[in-house]
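# Overview (structure and organization)
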There are 2 protein chains.
Amino acid sequence: MKIHNFSAGPSILPQEVMEQASAAVLELDNSGLSLIEISHRSKSFISIMEEACELALRLTGLSGKGYKALFLQGGASQQFLMTAYNLLEKKAGYINTGTWSTKAMKEAELFGKVVEIASSKDQNFNYIPEGYDIPSDLDYLHLTTNNTIFGTQYKEIPDTQVPLVADMSSDVFSRKWDYSKFDLFYAGAQKNMGPAGTTLVIVKEELLGNVSRSIPSMLDYTVQIKGGSMFNTPPVFAIFTSLLTLRWIEAQGGVEAIGKKNSIKATHLYGEIDKNSKFIGFAAQKDRSEMNATFNLVDPQLAAPFDALCEAAGISGLKGHRSVGGYRASIYNALPMKSIETLVDCMQVLEKKY
Amino acid sequence: MKIHNFSAGPSILPQEVMEQASAAVLELDNSGLSLIEISHRSKSFISIMEEACELALRLTGLSGKGYKALFLQGGASQQFLMTAYNLLEKKAGYINTGTWSTKAMKEAELFGKVVEIASSKDQNFNYIPEGYDIPSDLDYLHLTTNNTIFGTQYKEIPDTQVPLVADMSSDVFSRKWDYSKFDLFYAGAQKNMGPAGTTLVIVKEELLGNVSRSIPSMLDYTVQIKGGSMFNTPPVFAIFTSLLTLRWIEAQGGVEAIGKKNSIKATHLYGEIDKNSKFIGFAAQKDRSEMNATFNLVDPQLAAPFDALCEAAGISGLKGHRSVGGYRASIYNALPMKSIETLVDCMQVLEKKY
């Protein structure tokens, strides 16, 4: 049976990407060697790394604009501390939109003063705050563009006079927007970019070198840029598979075309959530994520029959995060419309039967 | 043509491991889902992680002895700073046996006083120092058990009253020895354990919690232990493939049996280096590594014909590191005797022809 994979991450990747990655583990480009047994200093791998970096910049419209792309290790959680280690001299502002923003703030507090500029905690993070003032003396303002757990997403990028830093782990490469408004953004691969094990960082070079502390080499963006993401051995498989996914995104027409498809998918699902009397959405309508749709049953008693319907239809990974409960449909780039339709069918069957 | 892969790392892994890893990227255990698209919180992946940790402890004889095994990200280079971040309160001692020891010292200096207890730099690191005093007031003593670049390896573990910390990136699981003499050791996967992208850390729990500084969560061993190596999303593919390799090591008879095979392979190659008039070994005989054999041509003019012979025989990855020059044959666990024999044949042909 075809599985409809709604997992929040690690999550579905394009089928052709998985086939190509699997083949490369056996043999890379008729070399007689596996992708995972070649030197990262070989011509083959250097070419993979360079293409991945170039493609990441091209897809975000940042080629030739003073940015560098890095493929590092440690996930967004390591970026929580690296951003602060590299950028926080005195005071940084954070917009708190959920679990991950909160964690980012906690790590930054080890390095300087952290100011919570705005928060949606009062409503269990079901919206994106608006109408706040951004002090002009911040080293940077940090935000989380998409909140995987709560299902909210920024639609507009805040205007700010201070450098803008963002965790885009769950929506990078999912839509067209002005990436050049950000001075640094990062994303764990395991949503729209590749398998877990690498983290994309795109940073404007002029942002770096302005803190007075000494930074350990591995955590220093400048060192990583100088090493071309190969200060030490990079996570070869995760980077190669990310490259395959980036190529697939470009072949789909880039982030603008992907974004249109994502909007159609999200609109179809949210449409059903809104009109189906058995379900209620969690996030504020204006801030709904096109990556993670969070929703609940109006009557919790219907959980057993709904879960059974989903299971029979091959739906996997729909359980909501414990902070929200209910359901979460993660509908990343690679999730086909067919999976959305299958879920909507289950919701409609539930409504008709009960 | 069959390639004989002497790459120093990422390096050869057992063929059956690459086949199983490749298959899992398409589908894990008839689940209908790829290894790289399932949640790391799924039963399937938790079971993979637990088995990998258990097996790492069992193979090193450390089960039930107060140690924890972790699979982290960032390679040995990240461990250079993590060991110091977690353990260095006042003063640590380092034995400097080459490039990697030197880098480890550099990172540690950000966190406290670093004392070079002994060094073999005077002879371009071609030996392992002996006959030094170890101060009793060190927070720990750090050493590099095998020096990939220079081809030296500890045969005995130094006796010390202070905690012993080791970088075992290039020889963990390659031989039987008393791992319980170490309080913490770490190893980037990409030699004997798996693909690049994860790092094994085995640490005695009682060693932790003794520094006064605050440690960022991702860099805190205690946090990582509490999270079962899943404080954040782990590098799923690298850990799964490491588990496959650890299973293969156990099926070979464990580290004792593997170590015997490695000794036979190394003896055969060093035997040829010593008796062949065209070659000269780099490392001191008593300290020769059974993982990386470094050697040079007596007459550099023979490089072209020797390289041609090697290429014709399907030998790959034999070029020495720029710090040493000449050749380096990395002869890790998975390298078959047939590859050693092929190399020895090329050396013998060179001697006969010139």
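Residues numbered from 1 in each chain as written. Chains lettered and ligands numbered in written order. Predicted model: local features only at pLDDT ≥ 70, side-chain atom pairs only at ≥ 80, totals over all residues. Heavy atoms only, no water.

Related by rotation about an axis and a shift along that axis, the two copies of the chain form a pair. For the pair chain A and chain B, the superposition axis carries a translation of 0.0 Å, the fit reaches an RMSD of 0.0 Å, and the rotation angle comes to 180 degrees. The superposition of one copy onto the other is thereby described by a two-fold rotation axis. Across chain A, the rotation axis passes nearest the C-alpha of Ser 22 of chain A, at a separation of 2.3 Å. Take the interface residues of chain A: 100% of them recur as interface residues in chain B, which is what a same-surface contact looks like. (Least-squares fit on C-alpha atoms with pLDDT ≥ 70 in both. Contact = heavy atoms within 4.5 Å.)

Contacts between chain A and chain B engage 54 residues on the former and 54 residues on the latter. Buried surface at the junction of chain A and chain B, both sides included, amounts to about 4,000 Å², of which 62% is carbon and sulfur. Counting the contacts that link chain A with chain B gives 0 salt bridges. Across the chain A-chain B interface, the total number found is 12 residue pairs in polar contact (both at pLDDT 80 or more). Among the elements that line the side of chain A that touches chain B, the one with the most residues is helix H1 (residues 15-26) of chain A, at 7 residues. (Buried area = accessible area lost by both parts, 1.4 Å probe. Salt bridge = Lys/Arg side-chain N within 4 Å of Asp/Glu carboxyl O. Polar contact = N/O pair within 3.5 Å; in protein donor to acceptor, adjacent residues only side chain to side chain. Helix = DSSP H or I, 4+ residues; strand = E, 2+ residues; numbered from the N terminus.)

This brings us to unusual backbone geometry. Residue and element names in this part refer to chain A. Here the residue pair Gly 9 and Pro 10 is connected by a cis peptide bond, since its omega of -5 degrees sits within 30 degrees of zero. Take Pro 10: it is sitting in the loop between strand E1 (4-5) and H1. The phi dihedral of Asp 29 falls on the positive side, at around 45 degrees, and the residue is not glycine. Tracing the backbone shows Asp 29 in the loop between H1 and helix H2 (43-59).

Residue and element names in this part refer to chain B. Along the chain, the position of Ser 169 falls in the loop between strand E8 (164-167) and strand E9 (184-188). Separated by 2.7 Å, the side chains of Ser 169 and Asp 167 make a polar contact. In terms of polar contacts, Ser 169 uses its side chain to reach the backbone amide nitrogen of Gly 188, at 3.2 Å. Setting aside residues no more than four positions away along its own chain, Ser 169 makes contact with Ala 76, Tyr 186, Ala 187, Gly 188 and Lys 191.

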